[in-house]
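If you want the building blocks of each chain, they are given just below.
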Amino acid sequence: MSSYIDGIGEKTMLKSKSKMFKGLVEKIDLALSEGTSFDEVAGKLKNVHIKIGDEYVKPLPTDLCTQLAMNELESR
């Protein structure tokens, strides 16, 4: 019985993480599509945040924001 309950908890936690990841991807996509200059795109990416518990966290490091912004602008 315990393993069944643990399994339900794991599925709920995975669903929650999946929802959080989907939200993060949507925010990144929006930031990439709204900017017109490198500074604007990188700045929007740097301000992307997610809520974990009671805190808001900016999960994207500056180097990743820079690389994503450069890639986005090169592909346009």
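Let me begin by describing the structure that accompanies this report. Source: prediction; values computed, not measured.

### Focus on the pattern of salt bridges
Any two side chains of opposite charge can pair, on the condition that their charged atoms come close.
Now for step 1: The full count for this structure, using the stated rule, is 2 salt bridges.
Now for step 2: Residue E34 is joined to K44 by a salt bridge in which the shortest nitrogen-to-oxygen separation is 3.5 Å. In this pair, E34 is assigned in helix α1 (residues 2–34) and K44 in helix α2 (residues 38–46), connecting sequence segments 10 residues apart.
Now for step 3: Overall, the relative accessible area of 42% leaves E34 in the partly exposed class.

### Quick look at α2
Now for step 1: Those residues of α2 that fall on the buried side of the exposure criterion are V41, A42 and L45. Take α2 and look down its axis: the buried residues cluster within an arc of 95°, on one side only.

### Describing the environment of M70
Now for step 1: Here M70 lies in helix α3 (residues 62–75).
Now for step 2: Taking the C-alpha atoms as reference points, M70 and D39, separated by 31 residues in sequence, lie 9.9 Å from one another.

### Notes on the nonpolar core
Now for step 1: Residues L24, I28, A31, L32, V41, A42, L45, V48, I50, L60, C65 and A69 constitute the largest nonpolar core, which totals 12 residues.
Now for step 2: Of all elements in the fold, only α1, α2 and α3 reach the threshold of two or more residues within this core.
Now for step 3: Counting residues per element, this core draws most heavily on α1, which supplies 4 residues.

### Concerning the environment of I52
Now for step 1: Mapping I52 onto the fold places it in strand β1 (residues 50–52).
Now for step 2: You can call I52 partly exposed: its relative accessible area is 45%.
Now for step 3: With 32 residues separating them in the primary sequence, I52 and M20 have C-alpha atoms 8.9 Å apart.
Now for step 4: Non-local contacts of I52, meaning those with residues more than four positions away in its chain, are made with M20 and V57.

What counts, and at which threshold
Residues numbered from 1 in each chain as written. Predicted model: local features only at pLDDT ≥ 70, side-chain atom pairs only at ≥ 80, totals over all residues. Heavy atoms only, no water. Salt bridge = Lys/Arg side-chain N within 4 Å of Asp/Glu carboxyl O. Helix = DSSP H or I, 4+ residues; strand = E, 2+ residues; numbered from the N terminus. Buried < 20%, exposed > 50% of the residue type's maximum accessible area, 1.4 Å probe, protein only. Arc of directions from axis to C-beta. Core = buried A, V, L, I, M, F, W, Y, C linked by side-chain atoms within 4.5 Å. Contact = heavy atoms within 4.5 Å.

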